[in-house]
Amino acid sequence: MKIILAQGNPGPKYQHTRHNIGFMALDAFAEKKHISFSNKPKFHAEIAEFSHKGQKVLLVKPLTFYNETGLAARALSDFYKINIATDLLVIHDELALPFGIVRTRLKGSDAGNNGVKSLNAHLGQDYARIRVGIFNSLHTQTNDVDFVLSTFSPEEKVMFSDIFSHIEHFIEKFLENNFEPTSRSLSLS
(Lines give C-alpha, C1' and ligand atoms only; values in the text may rest on other atoms or scores of the structure.)
Protein backbone atom coordinates (compact mmCIF):
# COMPACT_ATOMS: atom_id res chain seq x y z
CA MET A 1 0.00 0.00 0.00
CA LYS A 2 1.11 3.56 -0.76
CA ILE A 3 -0.12 6.86 0.64
CA ILE A 4 0.44 10.11 -1.26
CA LEU A 5 -0.38 13.04 0.99
CA ALA A 6 -0.45 16.66 -0.15
CA GLN A 7 -0.24 19.59 2.21
CA GLY A 8 -2.67 22.47 1.96
CA ASN A 9 -5.58 24.20 3.64
CA PRO A 10 -9.21 23.10 3.19
CA GLY A 11 -11.95 25.36 1.90
CA PRO A 12 -12.55 27.74 -0.99
CA LYS A 13 -10.78 30.65 0.74
CA TYR A 14 -7.41 28.87 0.37
CA GLN A 15 -8.08 26.88 -2.80
CA HIS A 16 -5.76 28.79 -5.14
CA THR A 17 -3.09 29.94 -2.68
CA ARG A 18 0.61 29.13 -2.80
CA HIS A 19 0.26 26.91 0.28
CA ASN A 20 -2.18 24.75 -1.68
CA ILE A 21 -0.04 23.87 -4.68
CA GLY A 22 0.25 20.34 -3.21
CA PHE A 23 -3.56 20.00 -3.18
CA MET A 24 -3.72 21.38 -6.74
CA ALA A 25 -1.12 18.86 -7.95
CA LEU A 26 -2.96 15.97 -6.30
CA ASP A 27 -6.28 17.14 -7.79
CA ALA A 28 -4.65 17.17 -11.25
CA PHE A 29 -3.26 13.66 -10.68
CA ALA A 30 -6.65 12.35 -9.47
CA GLU A 31 -8.35 13.88 -12.51
CA LYS A 32 -5.95 12.02 -14.83
CA LYS A 33 -6.75 8.79 -12.96
CA HIS A 34 -10.51 9.55 -13.21
CA ILE A 35 -10.98 9.23 -9.46
CA SER A 36 -12.58 11.62 -7.00
CA PHE A 37 -12.05 12.52 -3.36
CA SER A 38 -14.51 11.82 -0.58
CA ASN A 39 -14.53 13.07 3.00
CA LYS A 40 -13.19 10.55 5.54
CA PRO A 41 -13.67 12.16 9.00
CA LYS A 42 -11.98 9.20 10.71
CA PHE A 43 -8.73 10.23 8.99
CA HIS A 44 -9.29 14.02 9.10
CA ALA A 45 -8.94 14.03 5.31
CA GLU A 46 -10.40 13.82 1.86
CA ILE A 47 -9.22 10.60 0.22
CA ALA A 48 -9.26 9.21 -3.30
CA GLU A 49 -8.34 5.58 -3.85
CA PHE A 50 -7.08 3.58 -6.81
CA SER A 51 -5.07 0.47 -7.54
CA HIS A 52 -1.61 0.41 -9.11
CA LYS A 53 -0.40 -3.01 -10.22
CA GLY A 54 -2.61 -4.65 -7.61
CA GLN A 55 -1.47 -2.33 -4.83
CA LYS A 56 -3.87 0.01 -3.03
CA VAL A 57 -2.94 3.71 -3.32
CA LEU A 58 -4.52 6.54 -1.33
CA LEU A 59 -4.37 10.17 -2.41
CA VAL A 60 -4.84 12.27 0.72
CA LYS A 61 -5.74 15.92 1.29
CA PRO A 62 -5.83 16.55 5.07
CA LEU A 63 -8.68 18.69 6.42
CA THR A 64 -6.67 19.64 9.50
CA PHE A 65 -5.18 22.81 7.97
CA TYR A 66 -1.61 22.99 6.81
CA ASN A 67 0.15 23.29 10.16
CA GLU A 68 -1.54 20.17 11.59
CA THR A 69 -1.20 17.71 8.69
CA GLY A 70 0.71 15.34 10.95
CA LEU A 71 -2.59 14.42 12.66
CA ALA A 72 -4.09 13.05 9.44
CA ALA A 73 -0.83 11.36 8.43
CA ARG A 74 -0.54 9.65 11.82
CA ALA A 75 -4.18 8.45 11.77
CA LEU A 76 -3.64 6.91 8.32
CA SER A 77 -0.25 5.39 9.06
CA ASP A 78 -1.52 3.83 12.30
CA PHE A 79 -4.67 2.42 10.68
CA TYR A 80 -2.94 0.98 7.61
CA LYS A 81 0.30 0.08 9.42
CA ILE A 82 2.46 1.39 6.59
CA ASN A 83 6.22 1.67 6.54
CA ILE A 84 6.70 5.45 6.65
CA ALA A 85 10.10 5.30 4.91
CA THR A 86 8.86 3.37 1.86
CA ASP A 87 5.09 3.83 1.65
CA LEU A 88 4.45 7.54 2.30
CA LEU A 89 5.04 10.38 -0.16
CA VAL A 90 4.32 13.99 0.85
CA ILE A 91 3.84 16.83 -1.64
CA HIS A 92 4.34 20.33 -0.24
CA ASP A 93 5.15 23.88 -1.23
CA GLU A 94 8.66 25.11 -0.50
CA LEU A 95 9.28 28.80 0.20
CA ALA A 96 13.05 28.25 0.01
CA LEU A 97 12.82 27.21 -3.66
CA PRO A 98 12.04 29.54 -6.56
CA PHE A 99 8.75 29.02 -8.36
CA GLY A 100 9.22 26.45 -11.12
CA ILE A 101 11.63 24.19 -9.21
CA VAL A 102 10.43 20.74 -8.17
CA ARG A 103 12.76 18.69 -5.95
CA THR A 104 12.50 15.30 -4.33
CA ARG A 105 13.97 14.12 -1.04
CA LEU A 106 13.95 10.83 0.82
CA LYS A 107 13.91 12.43 4.28
CA GLY A 108 14.92 15.58 6.12
CA SER A 109 14.25 18.36 8.57
CA ASP A 110 11.34 20.79 8.38
CA ALA A 111 13.52 23.77 7.23
CA GLY A 112 11.01 26.12 8.86
CA ASN A 113 7.93 24.65 7.13
CA ASN A 114 5.27 24.29 9.86
CA GLY A 115 3.35 21.62 7.96
CA VAL A 116 6.49 19.50 7.63
CA LYS A 117 7.23 20.24 11.28
CA SER A 118 3.84 18.71 12.18
CA LEU A 119 4.54 15.66 10.01
CA ASN A 120 7.99 15.21 11.55
CA ALA A 121 6.56 15.50 15.07
CA HIS A 122 4.00 12.77 14.36
CA LEU A 123 6.02 10.49 12.04
CA GLY A 124 9.72 11.29 12.26
CA GLN A 125 11.76 12.61 9.32
CA ASP A 126 12.15 9.47 7.19
CA TYR A 127 9.52 9.83 4.47
CA ALA A 128 9.71 10.78 0.79
CA ARG A 129 8.85 14.31 -0.32
CA ILE A 130 8.15 16.30 -3.42
CA ARG A 131 9.04 19.92 -2.71
CA VAL A 132 7.42 22.47 -5.02
CA GLY A 133 9.03 25.91 -5.18
CA ILE A 134 6.72 28.90 -4.64
CA PHE A 135 9.20 31.74 -4.02
CA ASN A 136 9.20 34.81 -6.26
CA SER A 137 10.40 38.41 -5.91
CA LEU A 138 7.07 39.53 -4.41
CA HIS A 139 8.04 37.69 -1.22
CA THR A 140 10.39 40.55 -0.34
CA GLN A 141 7.35 42.87 -0.07
CA THR A 142 5.43 40.84 2.51
CA ASN A 143 5.84 38.41 5.42
CA ASP A 144 5.94 34.63 5.02
CA VAL A 145 2.35 34.02 6.17
CA ASP A 146 0.80 36.55 3.82
CA PHE A 147 2.97 35.33 0.96
CA VAL A 148 2.11 31.61 1.26
CA LEU A 149 -1.59 32.54 1.54
CA SER A 150 -1.44 34.71 -1.59
CA THR A 151 -2.48 33.55 -5.05
CA PHE A 152 -0.26 32.84 -8.02
CA SER A 153 0.44 35.36 -10.76
CA PRO A 154 -1.05 34.80 -14.24
CA GLU A 155 2.49 34.01 -15.52
CA GLU A 156 2.92 31.35 -12.83
CA LYS A 157 -0.50 29.79 -13.51
CA VAL A 158 0.56 29.17 -17.12
CA MET A 159 3.30 26.89 -15.77
CA PHE A 160 0.99 24.71 -13.64
CA SER A 161 0.53 22.08 -16.35
CA ASP A 162 4.29 21.53 -16.70
CA ILE A 163 4.85 21.56 -12.92
CA PHE A 164 2.03 19.07 -12.36
CA SER A 165 3.44 16.88 -15.12
CA HIS A 166 6.80 16.75 -13.30
CA ILE A 167 5.03 15.94 -10.04
CA GLU A 168 3.07 13.16 -11.77
CA HIS A 169 6.37 11.75 -13.05
CA PHE A 170 7.76 11.65 -9.50
CA ILE A 171 4.55 10.07 -8.15
CA GLU A 172 4.85 7.33 -10.77
CA LYS A 173 8.49 6.77 -9.76
CA PHE A 174 7.37 6.47 -6.12
CA LEU A 175 4.67 3.94 -7.05
CA GLU A 176 7.31 1.90 -8.90
CA ASN A 177 9.64 2.01 -5.85
CA ASN A 178 12.10 3.97 -7.96
CA PHE A 179 11.98 7.31 -6.12
CA GLU A 180 15.26 9.13 -5.55
CA PRO A 181 16.49 12.66 -4.76
CA THR A 182 16.44 14.89 -7.84
CA SER A 183 15.52 18.35 -9.11
CA ARG A 184 13.57 19.67 -12.09
CA SER A 185 13.61 23.32 -13.12
CA LEU A 186 11.13 25.31 -15.15
CA SER A 187 11.45 29.02 -15.78
CA LEU A 188 9.04 31.83 -16.46
CA SER A 189 9.27 32.81 -20.13
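The structure we're discussing is the one just above.
Not measured: the values here are computed from a predicted model.

Observations concerning helix α4 (residues 114-123)
And step 1. By the burial criterion, the buried members of α4 are Gly115, Val116, Ser118, Leu119, Asn120 and Leu123.
And step 2. In this structure, the buried residues of α4 make contact with α2 (69-80), α3 (84-87), β5 (88-98) and β7 (128-135).
And step 3. One side-chain oxygen at the N-terminal end of α4 lies 2.9 Å from the backbone nitrogen of Gly115; it belongs to Asn113.
And step 4. Taken from the residues just after α4, Gly124 is the one with a positive phi, measuring 90°.

A short note on the nonpolar core
And step 1. With 36 residues, the main nonpolar core has Ile4, Ile21, Leu59, Ile91, Ile130, Ile167 and Ile171 as its most contacted residues.
And step 2. Contributions of two or more residues to this core are made by β1 (2-6), α1 (21-33), β3 (45-52), β4 (55-62), β5, β7, α5 (144-148) and α7 (160-175).
And step 3. The biggest single contributor to this core is α7, with eight residues.
And step 4. If near-sequence neighbours (up to four positions away) are discounted, Ile130 is found in contact with Leu89, Val90, Ile91, His92, Val102, Arg103, Thr104, Ile167, Phe170, Ile171 and Phe179.
And step 5. Listed in part, the 17 residues of the second largest apolar core include Leu5, Ala45, Leu58 and Tyr127.

Looking at the pairing of β5
And step 1. Within β5, eight of the 11 residues are buried, which leaves it mostly tucked inside the rest of the structure.
And step 2. Bridge count between β1 and β5: four bridges; the pairing is parallel. Paired with Ala6 across the strands is Ile91, a residue of β5.
And step 3. Direction of pairing for β5 relative to β7: parallel, over a ladder of seven bridges. By the bridge assignment, Leu89 is partnered in β7 with Ala128.

With respect to α2
And step 1. Its 12 residues give α2 an end-to-end C-alpha distance of 17 Å, which sits within 8% of 16 Å, the value for a rise of 1.5 Å per residue.
And step 2. Where α2 is concerned, the buried positions are Thr69, Gly70, Ala72, Ala73, Leu76 and Ser77. Seen from one end, α2 has its buried residues packed into an arc of 160°, which puts them on one side.
And step 3. Buried residues along α2 sit against β1, β3, β4, α3 and α4.
And step 4. Immediately beyond the C-terminal end of α2, within one or two residues, lies Lys81, with a positive phi of roughly 50°.

Cut-off values and rules
- Residues numbered from 1 in each chain as written.
- Predicted model: local features only at pLDDT ≥ 70, side-chain atom pairs only at ≥ 80, totals over all residues.
- Heavy atoms only, no water.
- Buried < 20%, exposed > 50% of the residue type's maximum accessible area, 1.4 Å probe, protein only.
- Helix = DSSP H or I, 4+ residues; strand = E, 2+ residues; numbered from the N terminus.
- Contact = heavy atoms within 4.5 Å.
- Polar contact = N/O pair within 3.5 Å; in protein donor to acceptor, adjacent residues only side chain to side chain.
- Core = buried A, V, L, I, M, F, W, Y, C linked by side-chain atoms within 4.5 Å.
- Pairing = 2+ DSSP bridges.
- Expected span 1.5 Å × (residues − 1).
- Arc of directions from axis to C-beta.

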